[in-house]
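Chain by chain, the residues:
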Amino acid sequence: MIEKVIPLADLRYAARMPHIPAQLQAPTGMLADTLSRPLHDLRISVTDRCNFRCSYCMPSEVFNKDYAFLPQSSLLSFEEITRLTKIFVAHGVEKIRLTGGEPLLRKHLEVLIGMLARLTTPSGKPLDITLTTNASLLAKKAQALKDAGLQRVTVSLDGLDDAVFRRMNDVDFPVADVLKGIEVAHKVGLAPIKVNMVVKRGTNDAEILPMARHFRNSGVVLRFIEYMDVGATNGWRMDEVLPSAQLLERLQAGFPLEAIDANYTGETAERWRYRDGGGEIGVISSVTKAFCGDCNRARLSTEGKLFLCLFASQGHDLRALLRDGSYSDEQISAAVAHIWQGRSDRYSELRAALPPDASVPGSDGARRVEMSYIGG
Ligand code: SF4
């Protein structure tokens, strides 16, 4: 019996107060960390709540009726999110991913999308705005999101077999409603649509070929994600990871594939396409093929803490600067630059060099932040 760790809520409150450099430098649109990785993507968690209880992210025995979710007052307002996003864009961010928890649970999310869609990069380009959702509310909200300026969407779907899917989301949610959400998203013109499947060996790996068969020739890009040791509550074990290399072998047996080039540096998915023109798939191999070398992603938690890695154990409290009221955008911008320029995170690379199940040096047992708090 694997013993699950019950997180103490206080972890969410542990954060460094950002340092404001004495010298304020104007942003240049290019900000590199200690490994020369330019800041490019900003993932914004707009809620820590979700209506699913996927065991690899928000296990129900931990995130139960007694779990203290964040009060509304502690969440960043849409104005605060937009103000911070402007600052990050001036430093080179071009892609915004809205996440959660389940972002569509945040009321009036289309209003925020409208505010972000009005921002442009220093060179005048519109931002690339996308969202990761479990699609439980997508059928209802897709049109409003599209009208507000959302361009595309990523849907989390871990199987087509209804029993398997209901077991994985652990709230008995039917797969048909997720497929309906994808269909409506397609109809309203959100594109491309990507579907992310987290593969847990022994739980849903039998769904790999049915998922591939279902989404082939549909225009949807299906990505298979290795089960990760995110947070401290999912009881992760290496023997429940199906390495992408083995997954690709299974797929190749059914549908011959060929590798294709990345769309851009820092893309998390390794891209493949069906040789017969049936479309594209991807594999995201954080455990067996780390991609920290190009990682250009910053994460903003629901209450304004900046995290530099999905596996971090502490953030930087930007909300404190916002709500203090005495800090200018220039000062907050300088603080963001100072934080990113000091970044050296490469958790997956370090993990890969260790025996399975060993903890990464430097994490000194500090509990990693929950993925549901900073977004995947
Ligand atoms: S482990 Fe951290 S540094 Fe590496 S790719 Fe993931 S988020 Fe980036």
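It should be noted that the structure appears before, not after, this text.
Residues numbered from 1 in each chain as written. Predicted model: local features only at pLDDT ≥ 70, side-chain atom pairs only at ≥ 80, totals over all residues. Heavy atoms only, no water.

Novice: Sorry if this is basic, but what is going on with helix H1 (residues 78–90) here?
Specialist: One full turn of an α-helix is made of 3.6 residues, so residues set three or four places apart face in the same direction. Taking 1.5 Å per residue as the helical rise, H1 with its 13 residues ought to reach 18 Å, and the 18 Å between its terminal C-alpha atoms agrees with that figure. Within H1, burial applies to Phe 78, Glu 80, Ile 81, Thr 82, Leu 84, Thr 85, Ile 87, Phe 88 and Val 89. Phi for Gly 92, located one or two positions after H1, is positive at around 120°. (Helix = DSSP H or I, 4+ residues; strand = E, 2+ residues; numbered from the N terminus. Expected span 1.5 Å × (residues − 1). Buried < 20%, exposed > 50% of the residue type's maximum accessible area, 1.4 Å probe, protein only.)

Novice: What's the story with the pattern of salt bridges in this structure? I'm lost.
Specialist: Two side chains bearing opposite charge may form a pair once their charged atoms approach each other closely. Enumeration according to the criterion identifies 24 salt bridges in this entry. Ionic pairing is found between Arg 237 and Asp 239, a salt bridge with its closest N-O pair at 3.0 Å. Between Glu 349 and Arg 346 there is a salt bridge, with its nearest N and O atoms 3.0 Å apart. You can call Glu 349 partly exposed: its relative accessible area is 29%. Each of Asp 33, Arg 37 and Arg 343 takes part in a single network of salt bridges with overlapping partners. (Salt bridge = Lys/Arg side-chain N within 4 Å of Asp/Glu carboxyl O.)

Novice: How do you make sense of helix H2 (residues 109–117) when you look at a structure like this?
Specialist: Here H2 has its buried residues at Leu 109, Leu 112, Ile 113, Gly 114, Met 115 and Leu 116. On the buried face of H2, the contacting elements are H1, strand E3 (95–99), strand E4 (128–133) and helix H3 (138–148). (Contact = heavy atoms within 4.5 Å.)

Novice: Looking at this structure, I do not really get the site of the ligand. What am I missing?
Specialist: The local shell around the ligand holds 13 residues, among which Cys 292, Cys 295, Cys 309, Leu 310 and Ser 348 are the closest. Taken together, the elements giving at least two residues each to the shell around the ligand come down to strand E11 (297–300) and helix H10 (347–352). Its residues assigned to classes, the shell around the ligand shows seven nonpolar, one polar and five charged. (Near = heavy atom within 4 Å. Nonpolar A, V, L, I, M, F, W, Y, C, P; charged D, E, K, R; others polar.)

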